[in-house]
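Residue-level structure breakdown
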Amino acid sequence: MFLVELNSGIFGTWLSKFLSNGLDFFWSVVIALVVWFVGAKVIRFIRKLVRKAMERRDVDKGVTQFTDSMVKYGLYIVLIIVILNVFGIQTSSVAAAVASLGLTAGLALQGSLSNFAGGVLILILKPFKVGDYIIEDTHNNEGTVSEISIFYTRLKTLDNKVVVIPNGTLANASLTNVTTSDKRQIDLTFGISYDDDLKKAKAILQHIAETTEERVKDTDIQIFVRDLAESSVNLGFRIWVPMDDYWKVRWALNERVKLTFDEEGITIPFNQLDVTVKKPE
């Protein structure tokens, strides 16, 4: 009888404690979910206010995107700390854990920290901005800058692909910004045969250049012998066009020169392979 009462007392105490702790944990989870839901709404609201404030002041779009990323990550870190407090984990304990793991995290995230620093340098030095067309010389990635975020820069290519490049790479490597001015030079090379009339070919190219509607007026036209190659005389062709028309005009010129050369009897040499078959004697 005594044993039953003892066991009942121990079991009852354990069950009561278990139910109490489980109930506390359940309510902590519920509160944490509510805090997360409300906090996420507040963060979106604050980000919206920050973006609108910067847009009203005509802040550079890249700076706006970078600041938005920093605000987003910073506020979510604060939200996570608040949720940890809901579960009874004190902020001082979190700070101590972060401090103890600081060196390890720094070594593990040195690439990300480099990208963050690179993003800051890009925004300060402004080698490019959102909307510019750039060529990243190290890996030959190119496209229009669509976003400068906290760690990465996104480029949109001519065929609508998205190229993601770490900010650290762009900050520490050479790149070409082709949209810093309102016009761009088209530089083409056309080969003709050594047997063709050189002056006639140059006159044809001069006429094509002068009659190109998109050419920027009062800019130089350059038609010249670029080099004497092994199987062709290579003529250089340079004109200036508005930046937005560059690719359209470049492609149209290639087609127009080919068709005009064909009409005028000017030969464009190409590599040929002659195969000789010997019959067995």
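Here, the structure is the one placed above.
Below, the structure is looked at part by part. (Residues numbered from 1 in each chain as written. Predicted model: local features only at pLDDT ≥ 70, side-chain atom pairs only at ≥ 80, totals over all residues. Heavy atoms only, no water.)

1. Things to note about the sheet that holds strand E3 (residues 152–156)
In a beta sheet, neighbouring strands are held together by backbone hydrogen bonds and run either parallel or antiparallel to one another. Spatially, the five strands line up as an open sheet ordered E4-E3-E2-E1-E5, and their pairing is antiparallel. The sheet is open, and its two edges are formed by strand E4 (162–166) and strand E5 (175–177), each paired on a single side. For this sheet the average axis-to-axis angle between neighbouring strands, irrespective of direction, equals 40 degrees. For strand E1 (residues 133–136) and E5, the ladder comprises three bridges, and the chain directions are antiparallel. Note on E5: the bridge partner recorded for glutamate 136 is leucine 175. (Pairing = 2+ DSSP bridges. Helix = DSSP H or I, 4+ residues; strand = E, 2+ residues; numbered from the N terminus. Axes fitted to C-alpha atoms, helices over the stretch in contact; angles between N-to-C directions.)

2. Observations regarding the packing of aromatic side chains
Overall, the coordinates contain five aromatic pairs when judged by the stated rule. Between phenylalanine 190 and phenylalanine 237, the ring centres sit 6.0 Å apart and the planes meet at 80 degrees, which makes this aromatic pair edge-to-face. Placement of phenylalanine 190 in strand E6 (residues 183–192) and of phenylalanine 237 in strand E8 (residues 233–242) is noted, with a sequence separation of 47 residues between them. With respect to class, phenylalanine 190 is no different from phenylalanine 237; both count as buried. (Phe/Tyr/Trp six-rings, centres within 6.5 Å; stacked < 30°, edge-to-face > 60°. Buried < 20%, exposed > 50% of the residue type's maximum accessible area, 1.4 Å probe, protein only.)

3. As for the sheet that holds strand E7 (residues 222–228)
Strand order in the open sheet formed by three strands is E6-E8-E7, and the pairing between neighbours is antiparallel. Looking at the sheet topology across the chains shown, the edges are occupied by E6 and E7. Geometrically, the sheet is characterised by an average inter-axis angle of 25 degrees between neighbouring strands, direction not taken into account. In the packing of helix H7 (residues 198–210) onto the sheet, the strands contacted are E6, E7 and E8, and the crossing angle to E8 comes to about 10 degrees. (Contact = heavy atoms within 4.5 Å.)

4. Re a positive patch on the surface
Together, Lys48, Lys52, Arg56 and Arg57 give the surface a local cluster of positive charge. Along the chain, arginine 57 turns up in the loop between helix H1 (2–56) and helix H2 (61–86). Given a relative accessible area of 61%, arginine 57 falls into the exposed group. (Patch = residues over 30% accessible without salt bridge, like charges linked within 9 Å, V, L, I, M, F, W, Y side chains within 5 Å. Areas by Shrake-Rupley, 256 points an atom, 1.4 Å probe, with all protein chains shown as cover. Salt bridge = Lys/Arg side-chain N within 4 Å of Asp/Glu carboxyl O. Lys, Arg positive; Asp, Glu negative; His and termini not counted. Charge placed at Lys NZ, Arg CZ, Asp CG, Glu CD.)

5. Let's talk about H2
Taking 1.5 Å of rise per residue, the 26 residues of H2 would be expected to cover 38 Å, and the 38 Å separating its terminal C-alpha atoms lies within 8% of that figure. Buried residues of H2: Gly62, Thr64, Gln65, Phe66, Asp68, Ser69, Leu79 and Ile83, and no others. (Expected span 1.5 Å × (residues − 1).)

6. Description of the nonpolar core
Side chains of nonpolar character tend, in soluble globular proteins, to be buried together. By size, the foremost hydrophobic cluster in this structure holds 21 residues, and its most contacted members are Ile186, Leu205, Phe237, Leu253 and Phe261. The set of elements that each furnish at least two residues to this core consists of E6, H7, E8 and helix H8 (246–264). Leave out the neighbours within four places in its chain, and phenylalanine 261 touches Phe190, Ile192, Ala201, Ile204, Leu205, Ile266 and Ile268. Among the nonpolar cores identified, the runner-up in size contains 13 residues, and Phe66, Ile150, Val163 and Leu170 belong to it. (Core = buried A, V, L, I, M, F, W, Y, C linked by side-chain atoms within 4.5 Å.)

7. Here we look at a nonpolar patch on the surface
A grouping of Val34, Phe37, Val38, Val42, Phe45, Ile46 and Leu49 is seen on the molecular surface, where their side chains present a nonpolar patch of about 630 Å² in accessible area. When you line up the elements, isoleucine 46 lands in helix H1. On the basis of relative accessibility, which here comes to 31%, the residue isoleucine 46 falls in the partly exposed class.

8. Side note on unusual backbone geometry
Look at asparagine 160: it is not a glycine, yet its phi comes out positive at around 70 degrees. Within the secondary structure layout, asparagine 160 lies in the loop between E3 and E4. One non-glycine residue, aspartate 218, lies in positive phi territory at about 60 degrees.

9. Regarding the side chain of asparagine 177
Positionally, asparagine 177 belongs in strand E5. Among the polar contacts listed, one links the side chain of asparagine 177 to the backbone oxygen of proline 127, at a separation of 3.1 Å. Of the polar contacts made by the side chain of asparagine 177, one reaches the side chain of aspartate 132; its length is 3.0 Å. With residues near it in sequence (within four places) discarded, asparagine 177 still touches Pro127, Phe128, Asp132, Tyr133 and Ile134. (Polar contact = N/O pair within 3.5 Å; in protein donor to acceptor, adjacent residues only side chain to side chain.)

Purely spatial values, then, with no claim about function.
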